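Observations on chain architecture
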Amino acid sequence: MRARILPMLAVGLLVAGCGGSAEEKADSSGSPAASETPKAKGPDDTATADAGGKMTVIYDDATSPDAINGKKLLQDNKVLEDLAADINASLKLPEDIPLHGSQCDQPNAFWSPSKKTVTICYEDADLSQKIFVKAGDKDPDAAAIGSEDATFYHEAGHMAATLYNLPITGKEEDAADQLAAYLLLTPGDNGKVDSESVQAVKDFARTFAAYAELKAQMGATDNMADEHSLDQQRVYNLQCWIYGSNPEANADIVSSGGLPEERAQRCPDEWKQLSHAWSTLLDDHWK
């Protein structure tokens with residue numbers, strides 16, 4: 001089984017992130033995908049203090065082996081339920097937002113601005129699990145769940161940009177990665193950062209490292225025109241924000257060679273800028 005993982009991952013990577021259906025292209029938090037262009041919004045479209053929307057969870061049917069496995073991983077561990085509960089406890093939603101677990105026939109995850117839905121593809125969870133099995137993790141399921149958690153919060157970044165009409169400068173895909181890191185690495189009310197949340201960002205970075213390695217092995221070239229940063233760039237960005245959020249606790253990222261020292265020196269300031277930006281943008285939308 002272990003010997004078959006690499007070709008299975010390679011096939012998955014070739015189709016990952018191709019977007020939504022023919023009628024509607026969707027954004028992918030993993031490998032690149034086309035993104036919907038959100039419609040212009042006015043002040044009346046944003047969430048208000050009395051917003052009463054909720055995020056609801058729907059597990060759609062699965063028929064393919066990869067989708068069945070991914071659905072089982074998500075459903076057995078109540079992954080989507082926990083993520084929806086976190087959003088419902090944290091953000092004012094102007095309307096109900098369905099969170100779908102779905103068979104997409106490709107590893108993917110996306111926010112649909114027109115349908116106002118978040119979708120986590122079962123194949124994405126399945127691919128994450130395969131990546132961490134191949135890496136020899138003692139608990140590949142936990143690592144895959146952590147990566148899917150971060151994937152969800154990336155999509156929550158796109159969701160927030162649409163629902164709250166947030167101004168985004170630069171690539172929205174980079175901003176969505178930033179929000180995922182911000183939500184997972186910011187200390188809670190007790191002043192502490194949850195260790196599992198930190199690990200989720202690390203596992204998210206590891207999936208991009210795996211994508212980059214597989215592309216190199218297949219001789220695939222990076223798409224410089226894509227709206228996403230290159231996989232290896234996303235790895236370094238995520239590693240930088242982890243380190244910058246707490247250099248003392250995460251010094252091993254630098255000492256192990258996961259983050260170049262010259263970049264690491266700037267990461268605390270990068271994190272402060274990132275944290276200030278997202279805390280400002282979301283200030284009116286927290287519960």
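Look up a bit, the structure's there.
Worth saying up front: this structure is predicted, and the values here are computed from it rather than measured.

A look at the overall build of the protein chain
Helices and strands together make up the secondary structure of the protein chain, namely 11 helices and four strands. A burial count over the protein chain gives 50% of its 287 residues as buried. Pairs at least 24 residues apart make up 67% of the contacts formed inside the protein chain by residues separated by at least 6 positions. When the accessible area of the protein chain is evaluated, it comes to approximately 13,600 Å², of which 50% is carbon and sulfur surface.

Quick word on the nonpolar core
Soluble globular proteins: nonpolar side chains tend toward being buried together. One finds Met55, Leu93, Leu99, Phe152 and Met159 to be the most contacted residues of the largest nonpolar core, which totals 65 residues. Among all residues touching Phe152, those that are not within four sequence positions of it are Met55, Leu83, Ile87, Leu99, Val118 and Ile120.

Observations concerning the side chain of Thr162
Examined against the element boundaries, Thr162 turns out to sit in helix H5 (residues 140-163). Looking at Thr162, its side chain comes within polar contact range of the side chain of Trp111, at 3.0 Å.

Some points on the sheet that holds strand E3 (residues 109-112)
Two modes of strand pairing occur in sheets, parallel and antiparallel, and in both the strands are linked by backbone hydrogen bonds. The strand order E1-E2-E4-E3 describes an open sheet built from four strands, whose pairing is mixed. Both outer strands of the open sheet, strand E1 (55-59) and E3, are each paired with one neighbouring strand and no more. Strand after strand, the sheet turns through a mean of 15° between neighbouring axes, direction not considered. Note that E1 and strand E2 (residues 97-102) share five bridges and pair parallel. Bridge pairing in E2 places Met55 opposite Ile97.

So, the pairing of E2
The buried fraction of E2 is high, at five of six residues. The pairing of E2 with strand E4 (residues 117-121) spans four bridges and is parallel. For Leu99, the partnering residue across the bridge sits in E4 and is Val118.

Side note on helix H11 (residues 267-281)
End to end, H11 covers 21 Å across 15 residues, agreeing with the expected 21 Å (1.5 Å per residue, within 8%). Here H11 has its buried residues at Cys267, Trp271, Leu274, Ser275 and Trp278. The buried residues of H11 occupy an angular sector of 100° when projected down its axis, which confines them to one face. Facing away from the buried side of H11, by more than 90 degrees, are the exposed residues Asp269, Lys272, Gln273 and His276. Packing partners of the buried residues in H11 comprise H5, helix H6 (172-185), helix H8 (231-245) and helix H10 (261-264).

Regarding the environment of Ala205
Mapped onto the fold, Ala205 is located in helix H7 (residues 195-218). The class for Ala205 is buried, based on a relative accessible area of 3%. Taking the C-alpha atoms as reference points, Ala205 and Tyr236, 31 residues apart in sequence, are found 7.9 Å from one another. Ignoring anything within four residues of it in the chain, the contact list for Ala205 reads Val235 and Leu238.

Details of the pattern of salt bridges
The final tally for this structure, using the stated rule, is eight salt bridges. Note that Lys130 is salt-bridged to Asp66, the shortest N-O span being 3.5 Å. One end of the pair, Lys130, is in helix H4 (residues 122-134); the other, Asp66, is in helix H2 (residues 65-76), with 64 residues separating them in the sequence. Classification of Asp66 by relative accessible area gives partly exposed; the value is 35%. Measuring nitrogen to oxygen at the nearest pair gives 3.4 Å for the salt bridge that ties Glu95 to Lys116. With Glu95 in the loop between helix H3 (79-90) and E2 and Lys116 in the loop between E3 and E4, this pair connects stretches of sequence that are 21 residues apart. On the basis of relative accessible area, Lys116 is assigned to the buried category, the value being 15%. Bridged by salt links that share partners, the residues Asp66, Asp126 and Lys130 form one connected network.

What counts and how
Residues numbered from 1 in each chain as written. Predicted model: local features only at pLDDT ≥ 70, side-chain atom pairs only at ≥ 80, totals over all residues. Heavy atoms only, no water. Helix = DSSP H or I, 4+ residues; strand = E, 2+ residues; numbered from the N terminus. Buried < 20%, exposed > 50% of the residue type's maximum accessible area, 1.4 Å probe, protein only. Contact = heavy atoms within 4.5 Å. Areas by Shrake-Rupley, 256 points an atom, 1.4 Å probe, with all protein chains shown as cover. Core = buried A, V, L, I, M, F, W, Y, C linked by side-chain atoms within 4.5 Å. Polar contact = N/O pair within 3.5 Å; in protein donor to acceptor, adjacent residues only side chain to side chain. Pairing = 2+ DSSP bridges. Axes fitted to C-alpha atoms, helices over the stretch in contact; angles between N-to-C directions. Expected span 1.5 Å × (residues − 1). Arc of directions from axis to C-beta. Salt bridge = Lys/Arg side-chain N within 4 Å of Asp/Glu carboxyl O.

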